[in-house]
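Summary of structural features
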Amino acid sequence: MKSVLLLVAVVCSVTGLPALYDNGRIFGGGTAESEQFPYVVSITENDRHFCGGFIYSTRWIVTTASCVVGKTASKLKVVVGQVSAINADPNEQTLAVYTITPVPQYNSTNQFNDIALLKLTADIDFDYVNVDFVAYNELDNNLPTVVMGWGATFQGGLESVNLHYGEVTLNLVTATSPCGPYAVNEEFNLATMICASNDPAASTLAPPPTATLSPLGSPCSYDEGSPLVQVMGDVPTVVGILSKTDGCSENSYGVYTRVSIFYSWLLNTAGPQPIRPTTEAPTTPTTALPGRK
Ligand SMILES: *[C@@H]1O[C@H](CO)[C@@H](O)[C@H](O)[C@H]1NC(C)=O
């Protein structure tokens, strides 16, 4: 499998596909560096990538229910600290999955409440640089929003060798303005979903990106479960996870699960997120005696 992917990559670069395909996945977008998204994970089945997710804590991964419902935990693995799916990255760790827990309200017909937790059989070793957990919060309509994953770089393509990312535009969805093909109430739940597309025809929540942080991109197959991220006061923060897309072009629509809605379920199932260690030098307690705490 790995040699096939390599071959595809080589053939594409030699044949010189159009620029949009060249600079990466997701469709459009750019190629990630190892420290850029230390919380994104690749979920594999029989060692083949099929969905993304993010690190919630040392033992828990968040992904979509649609990615993992019906799968067998013992066949899944989670790869953290990875950028290239072919080369062994120095910070890469592969962990076995112990349990698959979808939220009880998940509806596989319309994909409402599309979120699940994976419990790992061992702890992830955080270095807080290349491998790290990430906070989650409610969407801020006015911040730039980025999605990342190892998904295909074109419609019908295989999973990607390298982690790619792209900026997406947040869309306004109302009863009369659907999320592309996803009709409100039938396939799109206003309370629990986020719609994003770079389609110029879509209504936007805020002005579309002009001075872009990142190249524009849109998710594709095998990007499901991948995080949608905003930087809130210098802190990368997950606001959504990719549930479904209607294609792989710049005008495709992505539907994301609004992660903050599931705060109580995440807390009750996986416990609180870790507290980030302070980077300041520890102060010496003045009352401590040598050899005593
Ligand atoms: C799941 O979604 C389908 C389609 O919208 C709906 O008919 C069904 O009632 C839903 N199931 C539950 C348990 O809500």
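As a starting point, this report considers the structure included with it. What you are looking at is a predicted structure, and each value in this text was computed from that prediction instead of being measured.

Under the definition given, this model contains five salt bridges. For the salt bridge of Arg 59 with Asp 123, the shortest nitrogen-to-oxygen distance reads 2.5 Å. You can see Arg 59 sitting in the loop between strand E4 (48-55) and strand E5 (60-63) and its partner Asp 123 sitting in the loop between strand E8 (116-120) and strand E9 (135-136), a full 64 residues away along the chain. Classification of Arg 59 as partly exposed rests on a relative accessible area of 29%.

If you check the shell around the ligand, you find Asn 107, Thr 109 and Asn 110 and nothing else. Between the ligand and the protein, one listed contact pairs an oxygen atom with a side-chain N or O atom of Asn 107 at 2.4 Å. Between an oxygen atom of the ligand and a side-chain N or O atom of Asn 110, the distance comes to 3.1 Å. Against a free-state accessible area of 360 Å², the protein chains account for coverage of 30% of the ligand.

Our focus in this paragraph is helix H4 (residues 263-270). Residues Trp 265, Leu 266 and Ala 270 constitute the buried set of H4. Buried residues of H4, seen end-on, are gathered within an arc of 100 degrees and therefore sit on one face of the element. Where H4 is buried, its residues touch E5, strand E7 (93-102), E8 and E9. Gly 271 occupies a position one or two residues after H4 and carries a positive phi of about 80 degrees.

Okay, the sheet that holds E4 next. Overall, antiparallel pairing links the six strands, which are arranged E3-E4-E5-E8-E7-E6 in a closed barrel. Strand after strand, the sheet turns through a mean of 45 degrees between neighbouring axes, direction not considered. Sheet topology note: the strand E3 (residues 40-45)/strand E6 (residues 76-80) ladder contains four bridges and is antiparallel. Each bridged residue has a counterpart across the sheet, and for Ile 43 the counterpart in E6 is Val 78. Running over the sheet, H4 touches E5, E7 and E8 and is turned about 20 degrees from E8.

Let us look at the packing of aromatic side chains. What the rule picks out here adds up to six aromatic pairs. Relative to Tyr 263, the ring of Tyr 136 lies with its centre 6.4 Å away and its plane at 45 degrees, an arrangement referred to as tilted. One end of the pair, Tyr 136, is in strand E9; the other, Tyr 263, is in helix H4, with 127 residues separating them in the sequence. Residue class for Tyr 136 comes out buried when judged on its relative accessible area of 13%. Looking at Tyr 263, the relative accessible area reads 46%, which means it is partly exposed. Linked through ring pairs, Phe 37, Tyr 39 and Tyr 165 together constitute an aromatic cluster. The aromatic ring of Phe 50 is capped on one face by Lys 71, whose charged end is 4.5 Å from the ring centroid.

What counts and how
- Residues numbered from 1 in each chain as written.
- Predicted model: local features only at pLDDT ≥ 70, side-chain atom pairs only at ≥ 80, totals over all residues.
- Heavy atoms only, no water.
- Salt bridge = Lys/Arg side-chain N within 4 Å of Asp/Glu carboxyl O.
- Helix = DSSP H or I, 4+ residues; strand = E, 2+ residues; numbered from the N terminus.
- Buried < 20%, exposed > 50% of the residue type's maximum accessible area, 1.4 Å probe, protein only.
- Near = heavy atom within 4 Å.
- Polar contact = N/O pair within 3.5 Å; in protein donor to acceptor, adjacent residues only side chain to side chain.
- Areas by Shrake-Rupley, 256 points an atom, 1.4 Å probe, with all protein chains shown as cover.
- Arc of directions from axis to C-beta.
- Contact = heavy atoms within 4.5 Å.
- Pairing = 2+ DSSP bridges.
- Axes fitted to C-alpha atoms, helices over the stretch in contact; angles between N-to-C directions.
- Phe/Tyr/Trp six-rings, centres within 6.5 Å; stacked < 30°, edge-to-face > 60°.
- Lys NZ or Arg CZ within 6 Å of the ring centre and 35° of its normal.

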